[in-house]
Amino acid sequence: MRTNRREPHSLVGAYALDAIAGIDLVRFERHLARCRRCAAELREMRQAAVGLATDRGCEPPPGLAERAIAAASRIRQLPPAAWPPVARPSRAARIAVGIAAVAVIIAGFLGVSARTAVDQLGAQQSRARAIATVLAAPDTTVLNARVSAGGRATIVMSASRHALIFTATSLPRVPPSHCYELWLMGPGGDRPAGMLPHPRHGMTGPVLTSGLRPDDRLGLTVEPAGGSRHPSTAVLLVVVL
Amino acid sequence: MLRILSVWTAGSQITPRGRASADGAPCPDLEYLLNRVAVGDHAAFEALCHRLDAAVFSAVSRVVRDPSQSEEVAQDVLVEVWRIASRFDPSKGSAMAWVMTIAHRRAVDRVRSAQRSAERELRSAVPPVAYDQVAETVADRLERARVRHCLGSLTDLQREAIVLAYYGGYTYRQVAELLGVAAGTVSTRMRDGLLRLRNCLERTDEN
């Protein structure tokens, strides 16, 4: 059987129609992961498929939505596609990794060497001291996640300190009239969790957020520069804490 | 920069986000609901289900055909939306396109597993439904003129390939076999055809 190995790109249409299977599918998905043109075309094609899917308005069977709602209440939700927390071999190693990772990032902002960043932080003003407290907490966890609009976020969290430190690299620029805003999203609603400063050398933060409650998730949106009371644009990142 | 701008425009069109209908505000958009579902908001999921049940059922039943199986698959699709809502990425397409992708995939999976068990018995290279049957039924059911008009603007091969794959649940290789055309030609026509369909639908949207 002939394959489309030479032109995996032409398979983007078949992929959008779910008309690839087996080895073709594996091969195409590998291609898709590094083909920006495919991703852009796929977005357009999926929108065309919405036309194919929904053009016939038909009455759903009675009770369909209710049964789905009831079934969903018994189903655990998947966390966002974040990188897994860095190394969990031992608590000591975890703390070391956490501190090292953030020290490198924070050192970038403060213009000090990574090795001494944590020490020097302690001597800085209260914000830096608070950050150092989170870094030194016994239950420090580091999370990495991709921001849907571009860039990566690193979050260092301590449940015992009810606080986290947020830093990001390569976030897309926003107009000067707007800023990125963090949110704590819990069962009780969304709470503003701090505005991100404009990036320097492609790096944003560190921003300290405290007042974490159990079951909170961290969200990120773009808001008018003064901040908003509720998220008013698409959420670009959701991290389960 | 470009990417954030697109996210941006999408966001800024969204008027009061707030709680659905509590203050008579316009319906919150699907993207917002989906983001709320991702943080475990049951009320948002209820709103989403009532908004999308007809569309999901319609998309699934076109492929699966059998009403009771379609209903089962449609319910699975809605539950799947709840389960993986955190994976929705607005930079890859609209919320509607995301949900419809899940619906179509599930429907096709159902059809293919039925096909596979039939094939185990028949060992037949040719899928069980002939092309004319599919095309006719589908054409009958395309009620709104828009998609019919836009499908009509495609070449015969583009249209046949898309209709067989999307509504029939065939792979492009099966489509190639059915139509007696090289697989590479079919995949190319699917791509050209879908892009043309997209352009046409977008144009008729504006009118």
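Residues numbered from 1 in each chain as written. Chains lettered and ligands numbered in written order. Predicted model: local features only at pLDDT ≥ 70, side-chain atom pairs only at ≥ 80, totals over all residues. Heavy atoms only, no water.

K.L.:
Just give me the short version of the interface of chain B and chain A, but keep the residues and values in it.
P.N.:
Between chain B and chain A, the contact holds 76 residues from the first and 79 residues from the second. Here chain B and chain A share an interface that buries about 7000 Å² over both sides, 60% of which is from carbon and sulfur atoms. Summed over the shared surface of chain B and chain A, the number is 7 salt bridges. Linking Asp18(A) and Arg105(B) is a salt bridge whose minimum nitrogen-to-oxygen distance equals 3.1 Å. The tally of links from chain B across to chain A stands at 29 residue pairs in polar contact (both at pLDDT 80 or more). Counting residues per element, the side of chain B that touches chain A draws most heavily on helix 3 (residues 42-64) of chain B, which supplies 13 residues. (Contact = heavy atoms within 4.5 Å. Buried area = accessible area lost by both parts, 1.4 Å probe. Salt bridge = Lys/Arg side-chain N within 4 Å of Asp/Glu carboxyl O. Polar contact = N/O pair within 3.5 Å; in protein donor to acceptor, adjacent residues only side chain to side chain. Helix = DSSP H or I, 4+ residues; strand = E, 2+ residues; numbered from the N terminus.)

K.L.:
I'd like to hear about the confidence of the model for chain A, residue by residue, with values.
P.N.:
Residue and element names in this part refer to chain A. Confidence along chain A averages 78 in pLDDT terms, with 77% of residues attaining 70 or more. Of all the helices and strands in chain A, helix 6 (residues 114-123) carries the lowest mean pLDDT, 48, while helix 1 (residues 12-16) carries the highest, 96. Across residues 1-5 the pLDDT falls below 50, and counting only partners more than four positions away or on other chains, this stretch makes 12 contacts in the model. (pLDDT = per-residue confidence, 0-100.)

K.L.:
Describe in detail the pattern of salt bridges, supporting the description with residues and values.
P.N.:
Applying the stated criterion across every chain yields a total of 17 salt bridges over all chains. Residue Glu71(B) is joined to Arg67(A) by a salt bridge in which the shortest nitrogen-to-oxygen separation is 2.2 Å. With Glu71(B) in helix 4 (residues 67-84) and Arg67(A) in helix 4 (residues 64-72), this residue pair bridges two chains. Residue Glu80(B) pairs with Arg106(B) through a salt bridge whose shortest N-O separation is 3.3 Å. In this pair, Glu80(B) is assigned in helix 4 and Arg106(B) in helix 5 (residues 95-122), connecting sequence segments 26 residues apart. Residue classification places Glu80(B) among the buried residues on the basis of a relative accessible area of 14%. Each of Arg37(A), Glu41(A), Arg189(B), Arg191(B) and Asp192(B) takes part in a single network of salt bridges with overlapping partners. (Buried < 20%, exposed > 50% of the residue type's maximum accessible area, 1.4 Å probe, protein only.)

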